Amino acid sequence: MRYFKNLVKPYIAWTAVMIVIPIFMMLLYSITNSGNSLVNIQFTFENFKRFTEPVYLSVFIKSIKLGLITVVICLVLGYALAYIISQFKESTQGVLILLVTIPMWINMLLRTYAWISLLSDNGIINAFLDKLGIGPIKMMYTDFAVMIGQICDFLPFMIIPIHTSLSKMDKSYVEAAYDLGANPVQTFFKVVFKLSIPGVLNGIIMVFLLSISTFVIPKLLGGGQYVLIGNLIESQFVSVGDWNFGSALSIVLAGIILFAIKWMKKIDTGEN
Amino acid sequence: MKKIFSFAVCILAAAVLVGCGGEKTTLKVYNAGEYIDTTLLSDFENENNCNVVYETFDSNESMYTKVMSGEKYDIIIPSDYMIERLAKEGFLQEIDKNKISNYGEITDNLLSQPFDAENKYSVPYFWGSVGILYDSTKVSEEDLEDGWEILKNLKYKEDIYMYDSERDSFMIALKALGFSLNTHDKAELDKAYEWLIEQKEIVNPIYVGDEVIDSMISGNMAMAIVYSGDAAYIMSENPDMRYFEPSQGTNLWIDGMVIMKDSENTDLAHKFIDFMTRPENAMVNSEMVGYSSPVKPVFEELKETVYSEIEAYVPRQNGDKDEFFRYQDAETKKYCAELWTKVKAQ
């Protein structure tokens, strides 16, 4: 193995240039206040202090809440689907997983726009409801619209890791559980679910990470006043031009994600 | 023998083509979204044997951020106040008007405006106003008498689109309160901020960008804040829609073509401006996007023909309370930006 050690070196250089330096820049921006030019640096914690204002805190809380709800719904739906898929014979499973991933081949923006024409007041769903005599239901620019957009986009990220750990599972464990007198419910929770926990945790991390940092979906389906952390950061960089505050927000978000991953990993090792 | 000959001809032809490809110059154009008839770009490419790289932005502010981050363009089409800012900060080069053959036909009112008093840096591209587009089947005429205050009318709760732009939203609040839209007074800005927060609480408006066009064509909302040109386009697609400029005054604007200082194809850039101001091209462009053309004969003709029924094509020109945006000093800008972030996040 040590003969390959030198092969790692280019990767270290790559990591330094593409990951370490940008993060360092972000840190630098977050603790200075001189705007985009870093010529005359002044250090300050003003940006982090601003973040503790109730307006911004409530944005964070809303984002985390929405992220958690998305994770829970994705977990329930994704687990069921992954479980069903894993019950088919192997060749069929390949096709079904392919079907799950096909929507991901289409650009996310396009899929989100499709939801707009489905959900809007004069959209397809409301036209259908109208035919049935049910009054138009306001769906666009609500929590519902944002949630459904997020769940649809992120569901595959939950299904695939869960399916991977389910399909790798040794079926004889299940048989053994039955032989020892466990009923199907007991078998599922005590054997199948426990063995799939690594996949579940991976799925949770992926979906949470994606949903907490998204900004396109809430912007299009929730409107510009539907501000989550991602939107707040985007607007600081793109339209407001306050890169320092934007960087501080990004650092806080990165901290939250790091913490979430650490916590999940802890559960993972605790389980084993 | 014949085969070899034709093969040789093919190779030669390919070589010539490749050679041409290498010589072709490239013009980088940066414009607002949904703001050009794209067939004009290919016409321009054919006429001048060049490539046009066309990119779009969704607001002047995001355009500015991109330029600041070092992205290079030859031509940009920003609004008046942003032209002033870019010029003040030294991003623009002077335009040689002798190279713009149709310069004389440009409407006088649109020239020598304070943002570019000597017409050094910009040539008008489109102009217009900001107003309320409303669905005449849903909004009653007498409510309109409230002017901008109609945007706080409980009757239209969750039925209003605002425009997702800092300056335009503050403009509405400032005008509704009777202040100048270029105010530097923090107390006035605070009041405008409160106006917007109050509106949010009463009617829960939705802040959107360019998607307002498609959404209003399908009649999703009763009211929307739009630019006059977008209004004209929407009205030509959906005859129920009307355009209204409140009497408290509104924002008049001129978007102009500017040449960036670091442009390497100054000649081609001038040709582009010349091309866009030629009557036949200005006609195609204005008819397609619905914005009012600065080229006088084109404007006069479209006003009488294609857009004769559509009042939004002719923005109000002599309202004494209407104003152009001006350059904001850094402090006011920062203050507004912070308030605006809070308005949206609230």
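Residues numbered from 1 in each chain as written. Chains lettered and ligands numbered in written order. Predicted model: local features only at pLDDT ≥ 70, side-chain atom pairs only at ≥ 80, totals over all residues.

Observations concerning the overall build of chain A
Argument step 1. When its secondary structure is counted, chain A shows 13 helices and zero strands.
Argument step 2. N-terminal to C-terminal, the α/β element order of chain A is α-α-α-α-α-α-α-α-α-α-α-α-α.
Argument step 3. Oriented by its inertia axes, the alpha-carbon framework of chain A measures out at about 75 × 70 × 35 Å.
Argument step 4. The buried share of chain A, taken over its 272 residues, is 29%.
Argument step 5. For chain A, contacts bridging at least 24 residues in sequence account for 69% of all contacts bridging at least 6. (Helix = DSSP H or I, 4+ residues; strand = E, 2+ residues; numbered from the N terminus. Buried ≥ 20, exposed ≤ 12 C-beta atoms within 10 Å, placed from the backbone. Contact = placed C-beta atoms within 7 Å.)

A word on the overall build of chain B
Argument step 1. The helix and strand tally for chain B stands at twelve helices and eleven strands.
Argument step 2. Taking 20 Å as the expected radius of gyration for a compact globule of 346 residues, we find that chain B reaches 22 Å, a close match to that expectation.
Argument step 3. If one aligns the C-alpha atoms of chain B with their principal axes, the spans along those axes are about 85 × 45 × 40 Å.
Argument step 4. Counting across all 346 residues of chain B, residues that qualify as buried make up 45%.
Argument step 5. Considering only intrachain contacts with a sequence separation of at least 6, the fraction spanning at least 24 residues in chain B is 78%. (Rg over C-alpha atoms; globule rule 2.2 N^0.38 Å.)

Digging into the interface of chain B and chain A
Argument step 1. Taken together, the contact between chain B and chain A spans 22 residues of the former and 21 residues of the latter.
Argument step 2. Among the elements of the structure, α3 (60–68), β7 (206–208) and α12 (330–345) of chain B are those that each provide at least two residues to the side of chain B that touches chain A.
Argument step 3. Per-element accounting of the side of chain B that touches chain A gives the leading share, five residues, to α12 of chain B.
Argument step 4. When its residues are assigned to classes, the side of chain B that touches chain A shows six nonpolar, nine polar and seven charged. (Nonpolar A, V, L, I, M, F, W, Y, C, P; charged D, E, K, R; others polar.)

Here we look at the packing of helix α3 (residues 54–86) of chain A against helix α10 (residues 197–213) of chain A
All names here are of chain A.
Argument step 1. With their axes 9 Å apart at the nearest point, α3 and α10 run at an angle of 140° to one another. What the angle tells us is that α3 and α10 run oblique. Seen from above, α3 lies across α10 with right-handed handedness. Each of Ser-63, Ile-64, Leu-66, Gly-67, Thr-70, Val-71, Cys-74, Leu-75 and Gly-78 in α3 lies in contact with α10, whose residues at this interface are Val-200, Gly-203, Ile-204, Val-207, Phe-208, Ser-211 and Ile-212.
Argument step 2. In terms of residue class, the contact of α3 with α10 is built from ten nonpolar, six polar and no charged. (Axes fitted to C-alpha atoms, helices over the stretch in contact; angles between N-to-C directions. Parallel < 35°, antiparallel > 145°, perpendicular 65-115°, else oblique. Left-handed = near helix turned anticlockwise from the far one by under 90°.)

A short note on the pairing of strand β10 (residues 251–260) of chain B
All names here are of chain B.
Argument step 1. Along β10, ten of the ten residues are buried, which leaves the element largely enclosed by surrounding structure.
Argument step 2. Side chains Asn-251, Trp-253, Asp-255, Met-257 and Ile-259 project from β10 onto one buried face, and the interleaved Leu-252, Ile-254, Gly-256, Val-258 and Met-260 project onto a second face that is buried too.
Argument step 3. In the sheet, strand β3 (residues 75–76) pairs with β10 via two bridges, with the strands oriented antiparallel. Residue pairing for β10: Ile-76 is matched across the bridge by Val-258.
Argument step 4. Looking at chain direction, strand β4 (residues 92–93) and β10 are connected through two bridges and run antiparallel. Considered in β10, the bridge of Leu-92 is made with Met-260. (Pairing = 2+ DSSP bridges.)

Details of the nonpolar core
Looking at soluble globular proteins, one finds that nonpolar side chains tend to be buried together.
Argument step 1. Counting 144 residues, the largest nonpolar core has Ile-75, Leu-133, Tyr-161 and Met-223 of chain B as its most contacted members.
Argument step 2. Ranked by residues supplied to this core, first place goes to helix α7 (residues 143–168) of chain A with nine residues.
Argument step 3. No fewer than three residues from each of domain 1 (2–126 + 254–313) and domain 2 (128–251 + 316–345) of chain B sit in this core.
Argument step 4. When sequence neighbours within four positions are dropped, the list of residues in contact with Met-223 of chain B reads Ile-132, Leu-133, Tyr-134, Val-139, Tyr-156, Asp-159, Ile-160 and Tyr-161 of chain B. (Core = buried A, V, L, I, M, F, W, Y, C linked by C-beta atoms within 7 Å. Domains from an automatic or database assignment.)

Points about the domain arrangement of chain B
Residues and elements named next belong to chain B.
Argument step 1. When its domains are assigned, chain B resolves into domain 1 (2–126 + 254–313) and domain 2 (128–251 + 316–345).
Argument step 2. Contact residues are listed per partner, giving 25 residues for domain 1 and 20 residues for domain 2.
Argument step 3. The residue makeup of the side of domain 1 that touches domain 2, split by class, is ten nonpolar, seven polar and eight charged.

Some words on the environment of Gln-328 of chain B
All names here are of chain B.
Argument step 1. Within the secondary structure, Gln-328 is located in the loop between β11 (323–324) and α12.
Argument step 2. Measuring from C-alpha to C-alpha, the distance between Gln-328 and Ser-122 comes to 19 Å, with 206 residues separating the pair along the chain.
Argument step 3. Setting aside anything within four residues of it in sequence, one finds Gln-328 in contact with Lys-333 and Cys-336.

Quick notes on the pairing of strand β2 (residues 50–57) of chain B
Residues and elements named next belong to chain B.
Argument step 1. Of the pairings in the sheet, the one linking strand β1 (residues 25–32) to β2 comprises eight bridges and is parallel in character. The residue of β2 that forms the bridge with Thr-25 is Cys-50.
Argument step 2. Tracing the backbone out of β1, into helix α2 (residues 39–48) and back to the parallel element β2 gives a crossover that is right-handed. (Right-handed = clockwise from strand over helix to strand, strands pointing away.)

A few points about helix α12 (residues 229–240) of chain A
Residues and elements named next belong to chain A.
Argument step 1. Most of α12 sits out of view: nine of its twelve residues are buried.
Argument step 2. Among all positions of α12, only Ile-229, Gly-230, Asn-231, Leu-232, Ile-233, Ser-235, Gln-236, Ser-239 and Val-240 are buried.
Argument step 3. Just beyond α12, the residue with positive phi is Gly-241, at close to 80°.

A word on the environment of Leu-232 of chain A
Argument step 1. You can see Leu-232 of chain A is positioned in helix α12.
Argument step 2. A C-alpha to C-alpha distance of 8.6 Å links Leu-232 of chain A and Tyr-56 of chain A, two positions 176 residues apart in sequence.
Argument step 3. Residues contacting Leu-232 of chain A, with those up to four places away along its chain left out, are Val-59, Val-227 and Leu-249 of chain A together with Ala-345 of chain B.

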